[in-house]
Amino acid sequence: MSEFAPMNYVEEDATSGSGDDGNILDGHNKRQPVTPSSSGRRKRNRKAAGDAIVEAMLEIAAASKMRAAAITKNEERFSISKCIKVLDDMQDLSGSMDDYDLELDQMELVAAAAGFYYYNSIVKQPQRGISPSGSGFMTQVLEGHDDICRQMFRMDKHVFHKLSDTLRQRGMLRDTSGVIIEEQLAIFLNIVGHNERNRVIQERFQHSGETISRHFNNVLKAIKSLSREFLQPPPQTTPPEILCSHRFYPYFKDCIGVIDGMHIPAHVPAKEQSQFRNKKGLLSQNVLAACTFDLQFIFIYPGWEGSVADSRVLRAVLDDPDQNFPHIPEGKYYLVDVDYTNTEGFIAPYVGIRYHLHEYRGANKLPRNAKELFNHRHSSLRNVIQRSFNVLKTRFPILKLAPQYAFHIQRDIVIAACVLHNYIQREEKNDWLFATVNGEPEEEMPYFEDQFDMQLASSMQEQTASAMRESIAAAMWNDFINKWDQW
């Protein structure tokens, strides 16, 4: 007997079907009377014949498993298309094979294809990437051009499939009777990647609003749970982006990353809006972010009111061990902008000295002293975090607008977006969005928060940081004057 379960044959009603046209008399829709005994016999005979046909097909399919295995080379999946290809190839062998043997081979292949179709369609074992709901959208994206997947799911196909497999294998998500994991993930990516409303996603995926919301929240929770794995402390060695640049090495050899604040539009109740209104007059949440020079986020702390200074957020993080800010080894440091105090572990530019890159463009705008040269190099290197922000917001436009979710959901979306950002960067080094930010991005102007009311560090720590900055600037200027023709 085959490994397939027997097919349940549905009995056809005696008054239905198309085989009773001969019973119509005189052009009227009157049927000849049928005795109960003959009707019962016909139904039983039909059922028995159907069961026998199905049994025979499944028996032949089971007997042809070896042939199917031979067709399925290199551990590829068995499919009807493979059967059709072999059948086409067999037509060319008709001259060298016995017709009877050829017919048997063809029958076995057809039976194997029928068994395969039965197993996948009746038992409902979905193929990867194809939703059992029959949604054509998933098929269109995953079987279409790569650009369609990048546009709709914000990542390459192989990255999408690997992420789906990871979520499945770790038990973070599970297939349901109507929505498999691939479609659940696609729903989430369509929302955060296009800032689509629920009703638009309902139409696109042909599911109810409740189903869309449930799977969005499930995927959000699953991706957020990956944050400890994909938001990792930076390596302690000199980053290659510094090591391979004479403009940055050896001066910034102990720099391990960059820290800055990122303002994300926020949707909050009217009674809380004054706290979330930032210096530009917009409602936002202030997100503390740290990244490495390969555009990987290493720490994210969202949820602060937009009116809170960047320096205060950093102080709160450093004062709270539960936030798990990466330990800064002795002698190592992050680059920060003028919104932060120059202190041990955090090197800021010189205050009151031109800093932004556009201030050094044009004729007669070369650095005139060690502090200007330091600020220019500091700005060039620190700009990596703005590039990271640009990629993040371009990939997930929901971060450019205030989504109408509960605030804790808005906060979690930021974390999930940064996790996906890192995941994509690790899995696809040639990702099209990362490749577009090799040039200089638009700079965000700092708010110049009031630093003087902040007690982030002791004077001894500030003196240590100031001495390090002076040493770097002096060495940089000396080499600039005596060795280099370019700056």
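So, how was this worked out
Residues numbered from 1 in each chain as written. Predicted model: local features only at pLDDT ≥ 70, side-chain atom pairs only at ≥ 80, totals over all residues. Heavy atoms only, no water. Core = buried A, V, L, I, M, F, W, Y, C linked by side-chain atoms within 4.5 Å. Buried < 20%, exposed > 50% of the residue type's maximum accessible area, 1.4 Å probe, protein only. Helix = DSSP H or I, 4+ residues; strand = E, 2+ residues; numbered from the N terminus. 1 Å grid on protein atoms, 1.4 Å probe; cavity = no way out; pocket = protein on both sides within 12 Å on 5 of 7 lines; lining within 4 Å. Points joined across faces, edges and corners; volume = space filled by probe spheres on them. Pairing = 2+ DSSP bridges. pLDDT = per-residue confidence, 0-100. Contact = heavy atoms within 4.5 Å. Expected span 1.5 Å × (residues − 1).

Details of the nonpolar core
If you look at the biggest cluster of nonpolar residues, it comprises 80 residues, and the most contacted ones within it are Phe153, Phe160, Phe188, Phe252, Phe297, Ile300 and Leu399. Counting residues per element, this core draws most heavily on helix 17 (residues 407-427), which supplies eleven residues. Among the nonpolar cores identified, the runner-up in size contains 19 residues, and Ile259, Ile298, Tyr334 and Tyr340 belong to it.

Some words on the environment of glycine 178
Along the chain, glycine 178 turns up in the loop between helix 7 (157-169) and helix 8 (181-194). By relative accessible area, which is 24% here, glycine 178 ends up partly exposed. Separated by 33 residues in the primary sequence, glycine 178 and threonine 211 place their C-alpha atoms 9.7 Å from one another.

Considerations on the layout of surface pockets
Of the volumes computed, that of the second largest pocket is approximately 480 Å³. For the second largest pocket, the lining is made up of 17 residues, of which Ser227, Phe299, Ile300, Gln323 and Asn324 are closest to its centre. Listing elements by their share of the lining of the second largest pocket, those giving two or more residues are helix 11 (227-230), strand 3 (297-305) and helix 17. Of the residues forming the lining of the second largest pocket, the biggest block, five residues, is contributed by strand 3.

Describing the pairing of strand 2 (residues 284-291)
Counting buried positions along strand 2 gives eight out of eight residues, so the element sits mostly inside the fold. Side chains of strand 2 alternate between two faces, with Ser284, Asn286, Leu288 and Ala290 and Gln285, Val287, Ala289 and Cys291 buried alike. Where strand 1 (residues 255-265) and strand 2 come together, eight bridges link them in antiparallel fashion. Each residue of the ladder has a partner; that of aspartate 260, found in strand 2, is alanine 289. Alignment of strand 2 against strand 3, held across six bridges, turns out to be antiparallel. Bridging from a neighbouring strand, alanine 290 pairs with phenylalanine 299 of strand 3. Linking two consecutive strands that pair antiparallel, namely strand 2 and strand 3, is a turn of five residues; a positive phi of about 70° is found at leucine 295 within it.

Structural notes on the confidence of the model for the chain
In low-pLDDT segments, the atomic positions of the prediction should not be examined closely. For the chain, per-residue confidence averages 80 on the pLDDT scale, and 67% of positions sit at 70 or higher. A low-confidence stretch, residues 1-36 (pLDDT under 50), is modelled with 39 contacts involving residues beyond four sequence positions or located in other chains. Note on residues 72-76: pLDDT under 50 across the span, and three contacts to partners over four residues away in sequence or across chains.

Here's the deal with helix 19 (residues 459-482)
Every α-helical turn comprises 3.6 residues, leaving residues that sit three or four positions apart pointing alike. The end-to-end C-alpha separation of helix 19 is 34 Å, in line with the 34 Å expected for 24 residues at 1.5 Å each. Among all positions in helix 19, only Ala465, Arg469, Ile472, Ala473, Met476, Asp479 and Phe480 are buried. Looking at the buried positions of helix 19, the neighbouring elements they touch are strand 4 (333-335), strand 5 (346-347) and helix 15 (370-382).

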